[in-house]
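Topology and contacts: notes
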Amino acid sequence: MPGNSARKGAVRKRGKGVGSGNTAGSGGRVRRGLEGKGPTPKAEDRPYHKAYRKRGPNEPGKTSSGQPRSAGRVRTEVKRTGDDWVIGRNPVLEALQAGLPVKRAYVADGVERDDRLREILRHAADHGIALLQATRSELDRLTNGAAHQGVALQLPPYEYLHPDDLLAEALDSPDPALVVACDSITDPRNLGAIIRSAAAFGAAGVIIPERRSAQLTAAAWKTSAGAAARVPVARATNLNRTLRQYADAGFVVAGLAGEADLDVAGIPGVDGPVLLVVGSEGDGLARLVRENCDVLVSIPITSDVESLNASVAASIALYEVTRCRG
């Protein structure tokens, strides 16, 4: 699994001894609970309705094979079903509470009610979100057979911030700016975990490259546990150019590198703006990225462990920055 694979770029080894620290409800009750949740969608927009299945293969919302078309998070082409979905009661509730934009929301017929589902229904009613009813088989097909627990959200394309806009917002903050840049983090779960840690430690935002990087899909959103709605993510066409721009604006660009002699707790100028760069899961920081860092730092670990996961290393480094700032 990419997100759990050993990574070379975030840590260095130290000598021995050194570490880093219900009720079951019927379909009738569910239908009554959905009353007043918004306008009823057209028949051809409801995947369980026969009018939907009768539409021609070239009509909007279907692929050339006649299957539903999933909206991509970034690209304009069709993506695999599941990339743009939030499924399961906890993730759906967290997504709704965090204010994530919703393209479509589904609830399965006859689904068992519990407190989480009641809260989902209540939130949808209060915010005018229409919940489409579907059979379990239709919801299974829409979510590619995932364990949806009877509820699912389809997300619209994520609106990335421009790195220049993130820079302006970070510098406008009354507190010393802290931003995280990801160099070729390819596992969306790692990306989501980094975003969650960035939110936990007060970072102004996260920067990802446009290419050779995980994007903010539903998998990343789910791992972020709602933080993706609170922490802006900027997408850079050229990461190295962005690093230079932030350095010119007064940021100390600190890259995590396993071979670095400087401890992450010793980042110079930590009381000022800091841009922390986290390398890829397998190869660490790219050569040009290293060259565009002001300083390379490492996380000391015992000799019994080769390396840390990218998101774990990012979390430790973010903690050290905030700790050093007092």
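This text gives an overview of the structure that appears in the document.

1. A closer look at the side chain of N309
Its location among the elements puts N309 in the loop between β12 (295-301) and α11 (310-324). Since its relative accessible area comes to 16%, N309 is described here as buried. Within polar-contact distance, the side chain of N309 engages the side chain of N190 at 3.2 Å.

2. Notes on the packing of helix α6 (residues 163-172) against helix α9 (residues 239-248)
Angle between the axes and distance between the axes are the two parameters that describe a pair of packed helices. Contact geometry for α6 and α9: axes closest at 11 Å, N-to-C directions at 25°. As the angle between them shows, α6 and α9 are arranged roughly parallel. Crossing of α6 over α9 shows right-handed handedness. Mapping the contact onto sequence places P163, D164, L166 and L167 in α6 and T242, Q245 and Y246 in α9. A per-class count over the contact of α6 with α9 returns 4 nonpolar, 2 polar and 1 charged.

3. Some words on the sheet that holds strand β2 (residues 85-87)
Taken in spatial order, the 4 strands of this open sheet run β2-β5-β3-β4, and their pairing is mixed. Looking along the sheet, the strands with just one partner apiece sit at the ends: β2 and β4 (131-134). Direction aside, neighbouring strands of the sheet carry axes that sit 25° apart on average. Where strand β3 (residues 104-108) lies against β4, 4 bridges are found, and the strand directions are parallel.

4. Describing the pattern of salt bridges
Per the counting criterion, the structure on display carries 8 salt bridges. One salt bridge connects E138 with R141, and the closest N-O pair in it is separated by 2.6 Å. In this pair, E138 and R141 both sit in helix α5 (residues 136-142), 3 residues apart, roughly one turn of the helix. Taking the relative accessible area as the measure of exposure, R141 reaches 33% and is therefore partly exposed. Notably, a salt bridge pairs R287 with E291, separated by 3.0 Å at the nearest N-O pair. Of this pair, R287 and E291 both sit in helix α10 (residues 287-291), 4 residues apart, roughly one helical turn. Taking relative accessible area as the criterion, R287 reaches 55% and is therefore assigned exposed. Connected via shared salt-bridge partners are R89, D114 and R116.

What counts and how
- Residues numbered from 1 in each chain as written.
- Predicted model: local features only at pLDDT ≥ 70, side-chain atom pairs only at ≥ 80, totals over all residues.
- Heavy atoms only, no water.
- Helix = DSSP H or I, 4+ residues; strand = E, 2+ residues; numbered from the N terminus.
- Buried < 20%, exposed > 50% of the residue type's maximum accessible area, 1.4 Å probe, protein only.
- Polar contact = N/O pair within 3.5 Å; in protein donor to acceptor, adjacent residues only side chain to side chain.
- Axes fitted to C-alpha atoms, helices over the stretch in contact; angles between N-to-C directions.
- Parallel < 35°, antiparallel > 145°, perpendicular 65-115°, else oblique.
- Left-handed = near helix turned anticlockwise from the far one by under 90°.
- Contact = heavy atoms within 4.5 Å.
- Nonpolar A, V, L, I, M, F, W, Y, C, P; charged D, E, K, R; others polar.
- Pairing = 2+ DSSP bridges.
- Salt bridge = Lys/Arg side-chain N within 4 Å of Asp/Glu carboxyl O.

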